Amino acid sequence: MSLLLDRLKKSEILISDGAMGTMLQDKGLKAGGCPEEWNITHPDEVRAIAEAYLKAGSNVILTNTFGGSRFKLAKFGLEANVAEFNKAGVSLAKKAALQYGGIVVASLGPTGEFMQPLGTVTEGEMYDVFREQILAQIQGGADAICVETMSALQEISIAIKVVKENTAVPAIATMTFDKGMQGYKTMMGVSIKEAAIGLEKAGADIIGTNCGNGIGPMVDIVMEMRRYSSKPILVHANAGVPELIHGKTCFRDTPRDMAKKVPELIDAGANIIGGCCGTTPEHIRAIKDEISNYK
């Protein structure tokens, strides 16, 4: 059994890391730039982010490979660099984890393409694109794969299938929900119930939700997800709702704002708690302190 699943079986509440993209922007990544290219051009900065989260208390860190698929990199003319960027991204996190401890989870985001019949991409083509990225992540030393920020059940299910058929590491799968007139659903209309049941059926070892919401709404999402699945649940909340202030996207939730909701999140059924957009090592440190004091 993997170290990740073993620790979860012992009923341990694990602490994940926080944002990667907004941290890279603070270090100089230009708007519209390719984050994954920084694994080669700015390795020290990328590794420093991983180290900062580990020092803050993260047990689990994600890699700078979210947009590392062939489809995504093609928008920058970098589709030939899939293996290079993904292996490097995992390797940088692995080096930090070996020094400070921690489990390295390779991040894999949406391809940005629609599958047939809505789009032109076939199931086979989607499988091959995910397989190329995931195999490179495994070569880099990933301890698990996290397919995250997904909205289409068909796309995320194919990614899970690739992990299960081509690797021996756990598959984590998370979807992003927005609240509308009919409750929480993904952009593609997938309900929390459909996600929980569908992700478990697809073979995910850990399910969950990330992005799109601050930590408050995540309590309701996790509670609903727990009704339909006994799988471990991962939560990566934003530091509140993004606001545009003086031309810059800002997230107002302080470390304390997020941390005070942690007990409710655990009571709702969360097993791994971290952050998404706008969160920093300070947010993770506050979450760690709250988990340490949880009774």
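See the structure shown above.
Here goes a summary of the coordinates provided. Throughout, a residue's number is its position along its own chain's written sequence, starting from 1. Side-chain atom pairs in this predicted model are given and counted only at pLDDT of 80 or more, local residue features only at pLDDT of at least 70, and totals for whole chains, interfaces and linings cover all residues. Water and hydrogen atoms play no part in the side-chain values, which are based on all heavy atoms of the structure.

1. Remarks on the nonpolar core
Buried Ala, Val, Leu, Ile, Met, Phe, Trp, Tyr and Cys residues that are joined via side-chain atoms within 4.5 Å together make up what is termed a nonpolar core. Each residue is placed in one exposure class: buried if its accessible area under a 1.4 Å probe, protein chains only, is under 20% of its type's maximum, exposed if it is over 50%, and partly exposed if it falls in between. F130 and L265 are the most contacted members of the largest nonpolar core, which has 71 residues in total. Core analysis: the next-biggest nonpolar cluster, separate from the first, contains 14 residues, L5, L8, L14 and I206 among them.

2. Focus on the side chain of D205
Numbering goes from the N terminus for both helices and strands, where a helix is a DSSP run of H or I of at least four residues and a strand is a run of E of at least two. Structurally, D205 is set in the loop between helix 9 (192-202) and strand 8 (206-210). When sequence neighbours within four positions are dropped, the list of residues in contact with D205 reads L5, K164, V169, P170, A171, K231 and P232. Any pair of residues with heavy atoms lying within 4.5 Å of one another is described as a contacting pair.

3. Considering the pairing of strand 5 (residues 171-175)
Of all the 5 residues making up strand 5, 5 are buried; the element is thus mostly covered by neighbouring parts of the structure. Here strand 5 shows two buried faces, one formed by A171, A173 and M175 and the other by I172 and T174. Between any two strands, at least two bridges found by DSSP are needed for them to pair. Pairing of strand 4 (residues 144-150) with strand 5 involves 4 bridges; the strand directions are parallel. By the bridge assignment for strand 5, V147 is matched with A173. Taken together, the 4 bridges between strand 5 and strand 8 define a ladder with parallel strand orientation. Residue pairing for strand 8: A173 is matched across the bridge by I207.

4. Observations regarding the sheet that holds strand 5
As summarised here, the arrangement of the 8 strands in space is 1-12-9-8-5-4-3-2, forming an open sheet in which the pairing is parallel. Of all strands in the sheet, those bounded by a partner on one side alone are strand 1 (14-15) and strand 2 (60-62). As paired elements, strand 2 and strand 3 (residues 103-108) share 3 bridges and run parallel to each other. Of the residues in strand 3, the one forming a bridge with L62 is V105. An axis is simply a line fitted to the C-alpha atoms; with a helix, the fit covers only the stretch in contact. Between two such axes, the angle follows the N-to-C directions and lies from 0 to 180 degrees. Sheet strands touched by helix 10 (residues 215-228): strand 8 and strand 9 (233-237). Its angle to strand 9, the strand with the most contacts, is close to 160 degrees.

5. Quick word on the pattern of salt bridges
Opposite charge on two side chains permits pairing when their charged atoms draw close. In what follows, salt bridge is the name for a side-chain nitrogen of Lys or Arg lying within 4 Å of a carboxyl oxygen of Asp or Glu. Evaluation of the coordinates by the stated rule reveals 10 salt bridges. E12 serves as the salt-bridge partner of R7, at 2.6 Å between the closest nitrogen and oxygen. A salt bridge links D143 to K94; the shortest N-O distance between them is 2.7 Å. Of this pair, D143 sits in the loop between helix 7 (123-140) and strand 4 while K94 sits in helix 6 (residues 82-100), and the two are 49 residues apart along the sequence.

6. Section: helix 7
Because each turn of an α-helix spans 3.6 residues, side chains separated by three or four positions end up pointing in the same direction. Expected helix span is taken as 1.5 Å per residue step, with the number of steps being one fewer than the number of residues. In a regular helix each residue adds 1.5 Å, so 18 residues correspond to 26 Å; helix 7 covers 26 Å between its end C-alpha atoms and thus fits that length. Residues M126, Y127, V129, F130, Q133, I134, A136, Q137 and G140 constitute the buried set of helix 7. Following helix 7 by one or two positions, G141 has its phi on the positive side, about 110 degrees.

7. With respect to helix 8 (residues 153-166)
Taking 1.5 Å per residue as the helical rise, helix 8 with its 14 residues ought to reach 20 Å, and the 20 Å between its terminal C-alpha atoms agrees with that figure. Among the residues of helix 8, E155, I156, I158, A159, I160, V162 and V163 are the ones counted as buried.

8. Details of the environment of D253
Assignment of secondary structure puts D253 in the loop between strand 11 (248-250) and helix 11 (255-259). A relative accessible area of 23% places D253 in the partly exposed class. On a C-alpha basis, the gap between D253 and G240 in space is 5.1 Å, while along the polypeptide they are 13 residues apart. If we ignore the near neighbours within four places in the chain, the residues touching D253 are A239, G240, M258 and H283. Within the structure, D253 has its side chain in polar contact with the backbone nitrogen of G240 (distance 3.4 Å). Residues adjacent in sequence count toward polar contacts only when both atoms are side-chain atoms; beyond that, a polar contact is any pair of N or O atoms within 3.5 Å, and within protein one must be able to donate a hydrogen and the other to accept it.

9. Notes on the pairing of strand 9
Extensive coverage of strand 9 is indicated by the burial of 5 of its 5 residues. As paired elements, strand 8 and strand 9 share 4 bridges and run parallel to each other. Counterpart to I207 in the pairing with strand 9 is I233. Think of it like this: strands point away, you trace from the first strand over the helix to the second, and a clockwise trace means the crossover is right-handed. Assessed by its sense of winding, the connection that carries the chain from strand 8 through helix 10 to strand 9 is right-handed. The sheet contact formed by strand 9 and strand 12 (residues 272-275) spans 4 bridges and is parallel.

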